[in-house]
Amino acid sequence: MSGALSLHLSGSAAERGRAQAQAGRIEEVRAATLGRVAQARAEGLIDAAARDYLRAQHAFHMQADPEGMAELEGIAAGFGFDPQEMFIHLHLGTLRDLKGGARLADGCSAWAVGAGPDGPLVVKKRGFTGTHLGIQSVARHAGPDVTTGAMLCLGSLGSPGAYSSGINLRGLALADTQVAVRHHRVGWLRYFLMTRILARCGTVAEALVLIRACPHAGGGTLVLADAQGATAAVELGAAGPQVVQGGLALRTNHYVTQALAGDTLLPAGDCIASNSRQRFAFLSAALPGRSWDRAAARALMATHPEGGAPICQHGAEDGTLTIASAVYSCAAPGLLVCAGSPCRSAWSAHDLTG
């Protein structure tokens, strides 16, 4: 794949969801979603307890995020599958945690800085299963529910808006990482939460008000920056979010705050879990003490440091590899993206203001 698919989506959330199918890749999308759900069923992951949890989650999101659920319904209609299958797909990591046999399928590193030659930046390396490699998309969303003007999201075709990372016209950018955890509850799943943040909030401060005001399903982190240079790292624990504001914001695939560190599950033999701490240590040493611009950020995400810290990853034993890297510029809202391994694949620019 030479680059991410570029989509311009407008209208209601449901209309934007349906419009994704105009890009094609129908069979690839079905394999990347329905195929993973079918595998989970074969593994016995979706038992009676899981179905009860999913019903409670569905009821919660119908009340808390009708726009997000409408987008999901539109996606399912466009690609021709049951929307409940997509809802299950979005919860597969959570369901594995609830079984106690967590496996990290989403190996990400994300960081943000509040100042530099190109202004505030949010940067992410997305590691995921190879089935998603050919359906990476950059989508510009505009519609009545996007009160921030417009948003530009990097994710997988056939998934909700900010299914990985994004930025809005007011210059607020965010990116997530997955964390396998011991505890979950009924509450916001971060894939829905991220889209709502970008649709409603223009600053880190506004985003934190929304985050602190609602319950969270648990698992995962966010890093954020805005056009004014504010930054934050948020750990989305089921017991309540832990927020660290200002300075370098950095997360990989484990919790680091004292309140939540013990909630992290580190599955034995899991490739991503085994190198999350090494990636965090490498970036913690590499990022401070220098001024980061977009070119330097791109170069860092293409490195292969020794000592088990694969920032750019070409394929682990479990099939996980770097499927996309992103550098968001908050001052002039836009995105540099590489769909594939950043050390050898082309980068493209996407301007949100154009």
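Presented here is an overview of the structure given in this document. For clarity, every value in this text was computed on a predicted model and none was experimentally measured. (Residues numbered from 1 in each chain as written. Predicted model: local features only at pLDDT ≥ 70, side-chain atom pairs only at ≥ 80, totals over all residues. Heavy atoms only, no water.)

Across its full length, the protein carries ten helices and 14 strands. Buried residues in the protein amount to 60% of all 354 residues. For the protein, long-range pairs separated by at least 24 residues make up 67% of all intrachain contacts whose partners lie at least 6 apart in sequence. Entry remark: accessible area of the protein is about 12,200 Å², with carbon and sulfur atoms responsible for 52%. (Helix = DSSP H or I, 4+ residues; strand = E, 2+ residues; numbered from the N terminus. Buried < 20%, exposed > 50% of the residue type's maximum accessible area, 1.4 Å probe, protein only. Contact = heavy atoms within 4.5 Å. Areas by Shrake-Rupley, 256 points an atom, 1.4 Å probe, with all protein chains shown as cover.)

Once that is clear, we can look at the pattern of salt bridges. One pass over the structure, following the stated rule, counts 13 salt bridges. With a shortest N-O distance of 2.5 Å, aspartate 176 and lysine 124 are connected by a salt bridge. Taken together, the residues aspartate 176 in strand E7 (residues 173-177) and lysine 124 in strand E3 (residues 121-129) connect sequence positions 52 residues apart. In this structure lysine 124 comes out as buried when scored by relative accessible area, which is 2%. Between arginine 251 and glutamate 235 there is a salt bridge, with the nearest N and O atoms lying 3.1 Å from each other. Residue arginine 251 is found in strand E11 (residues 249-251), and its partner glutamate 235 is found in strand E9 (residues 231-235); the two are separated by 16 residues along the sequence. The two residues arginine 251 and glutamate 235 agree in class, both being buried. When salt bridges with common partners are traced through the structure, they connect Arg16, Asp65, Asp145 and Arg196 into a single cluster. (Salt bridge = Lys/Arg side-chain N within 4 Å of Asp/Glu carboxyl O.)

Moving on: the pairing of strand E6 (residues 165-168). Covered by surrounding structure in E6 are Ser165 and Ile167 together with Gly166 and Asn168, the residues of both alternating faces. By the bridge criterion, four bridges tie strand E5 (residues 151-156) to E6 in an arrangement that is antiparallel. The residue of E6 that forms the bridge with leucine 152 is isoleucine 167. Sheet analysis places E6 next to E7, joined by three bridges and oriented antiparallel. Counterpart to isoleucine 167 in the pairing with E7 is alanine 173. The antiparallel hairpin formed by E6 and E7 contains four residues in its connecting segment, where glycine 171 sits at a positive phi of about 95°. (Pairing = 2+ DSSP bridges.)

A few words on the state of the cysteines. Within the structure shown, the criterion is met by zero disulfides. Lacking any disulfide linkage, cysteine 201 is separated from the closest cysteine sulfur, that of cysteine 214, by 10.0 Å. Exposure remark for cysteine 201: the relative accessible area of 4% places this residue in the buried category. (Disulfide = S-S within 2.5 Å.)

Once that is clear, we can look at the environment of valine 29. Along the polypeptide, valine 29 turns up in helix H2 (residues 26-42). The class for valine 29 is buried, based on a relative accessible area of 0%. It is 7.0 Å that separates the C-alpha atoms of valine 29 and isoleucine 135, two residues lying 106 residues apart in sequence. Contact partners of valine 29, with chain neighbours within four places excluded, come to Phe79, Phe81, Ile135, Leu157 and Gly158.

Here eight strands make up an open sheet; going across it, the order is E1-E4-E5-E6-E7-E8-E9-E10 and the pairing mixed. Looking at which strands have only one partner, the edges of the open sheet turn out to be strand E1 (5-10) and strand E10 (242-245). With direction set aside, neighbouring strand axes in the sheet form an average angle of 15°. Judged from the four bridges that link them, E9 and E10 form a sheet pairing that is antiparallel. Each residue of the ladder has a partner; that of alanine 232, found in E10, is glutamine 245. Contacts from helix H7 (residues 190-200) reach E5, E6, E7 and strand E8 (221-225), with the element oriented near 175° to E7. (Axes fitted to C-alpha atoms, helices over the stretch in contact; angles between N-to-C directions.)

Nothing here speaks to function; it is geometry throughout.
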